[in-house]
Amino acid sequence: MNCEETVRIYDGLSIPLGTLRFLKQADCQLAFLAMLTISGIKPASRWEKALDATLIDCLRRLGLHVSQVRRTVANGAQVTETLFSKSHAYVEVYVSRWDGMPLDKAPETVQLEGFLFGYPPCCVEEYITNPYTPNDIDPAQQARLFHWACKGCRITPLLLPVYGRLELILESL
Ligand SMILES: [Zn+2]
C-alpha cells in the first residue's frame with residue numbers, strides 16, 4: 001500500500017504531495033504547467049529548456065511522460081526543450097516531428113502546437129493571421145494563460161475557472 005500523502009486534483013485524480021511541493025519550490029511556473037497537463041486541460045506541454053534528472057523524475061512521479069527534444073536556432077546553436085503529457089502519444093508526435101529540427105513559426109507549426117498544447121482553435125487561427133490582437137480577457141488572467149486569447153473568445157473564459165482552481169491548489173501547498 002502506498003502511504004505517501006497526496007493532493008486531490010479531482011475525484012479519482014490525486015498526485016503525490018511531496019513531489020508537487022518539491023517541483024513548486026524548484027519552479028512555480030513549471031509546477032503550474034505540470035498541473036494543467038495532469039488535469040488534462042492541456043494534452044501536452046512544452047518547457048522551453050532542459051530539465052535536470054531530478055525534475056524529470058518529479059514530472060514522471062506525477063504521472064507524466066517526459067521527453068527532451070533538441071532544436072536548432074538560426075545561428076546554428078542548439079536548444080533543448082522538455083515535453084510532457086499524460087499521453088505517451090502526444091509526446092511521440094512532437095518528438096517525431098521536431099527533434100533535431102530548427103525552431104519555426106510556420107502556420108502549420110502553430111496549428112499542430114495548438115492541437116498538442118490545448119489552445120482553442122479560434123485563438124490559434126487568429127494568432128496566425130493577427131498575433132496579439134487586443135482581447136476581452138482581464139490582463140491578469142491573460143498573463144496566466146499559455147496562449148493569446150482571440151477577440152471575443154468563447155472558449156478561453158470557460159478555461160479560466162479551471163486555471164484558477166489549480167492555481168489555488170498550488171498556492172495552498
Ligand atoms: Zn479563441
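All values reported here derive from a predicted model rather than from experimental measurement.

Take the nonpolar core next. Counting residues in each nonpolar core, the largest one holds 33 residues, and the members touching the most others are Ala31, Ala34, Met35, Ala44, Leu62 and Tyr94. Elements supplying a minimum of two residues to this core: α1 (17-26), α2 (28-39), β3 (44-47), α3 (53-61), β5 (78-85), α4 (88-98), α5 (107-117) and α6 (121-129). Counting residues per element, this core draws most heavily on α2, which supplies eight residues. If you count residues domain by domain, this core takes at least three from each of domain 1 (1-103) and domain 2 (119-166). If we skip the residues at most four places from it in the chain, Met35 touches Leu166 and Leu170.

Side chains on a regular strand alternate between the two faces of the sheet. In the sheet, β3 pairs with β5 via four bridges, with the strands oriented antiparallel. By the bridge assignment for β5, Arg46 is matched with Leu83. Here strand β4 (residues 65-72) runs beside β5; their pairing, made up of eight bridges, is antiparallel. Counted as the bridge partner of Val66 is Phe84 from β5. What sits between the antiparallel neighbours β4 and β5 is a turn of five residues, in which Gly76 has the positive phi angle 90°.

Moving on, we come to the sheet that holds β5. Across the sheet, three strands lie side by side as β3-β5-β4; this open sheet has antiparallel pairing. The strands lining the two open edges of the sheet, one partner per strand, are β3 and β4. Sheet twist, expressed as the mean angle between neighbouring strand axes with direction ignored, is 25°. Packing of α2 onto the sheet brings it into contact with β3 and β5, and relative to β3 it is tilted by some 165°.

For the chain, the assigned domains are domain 1 (1-103) and domain 2 (119-166). For domain 1 versus domain 2, the distance between C-alpha centres works out to 22 Å.

Glancing now at helix α8 (residues 156-172). When the terminal C-alpha atoms of α8 are compared, their 24 Å separation across 17 residues agrees well with the 24 Å that a helix rising 1.5 Å per residue should span. Within α8, the full set of buried residues consists of Thr156, Leu159 and Leu166. Projected down its long axis, α8 carries its buried residues within an arc of 80°, all on one side. Projecting away from the buried face of α8 at angles above 90 degrees are the exposed residues Leu158, Pro161, Gly164, Leu168, Glu171 and Ser172. Looking at the packing, one finds that the buried side of α8 touches α2 and α6.

Okay, unusual backbone geometry next. Even without being glycine, Tyr132 reaches a positive phi, approximately 60°. Assessed through the 8 C-beta atoms surrounding it within 10 Å, Tyr132 is described here as exposed.

What counts as what
Residues numbered from 1 in each chain as written. Predicted model: local features only at pLDDT ≥ 70, side-chain atom pairs only at ≥ 80, totals over all residues. Core = buried A, V, L, I, M, F, W, Y, C linked by C-beta atoms within 7 Å. Buried ≥ 20, exposed ≤ 12 C-beta atoms within 10 Å, placed from the backbone. Helix = DSSP H or I, 4+ residues; strand = E, 2+ residues; numbered from the N terminus. Domains from an automatic or database assignment. Contact = placed C-beta atoms within 7 Å. Pairing = 2+ DSSP bridges. Axes fitted to C-alpha atoms, helices over the stretch in contact; angles between N-to-C directions. Expected span 1.5 Å × (residues − 1). Arc of directions from axis to C-beta.

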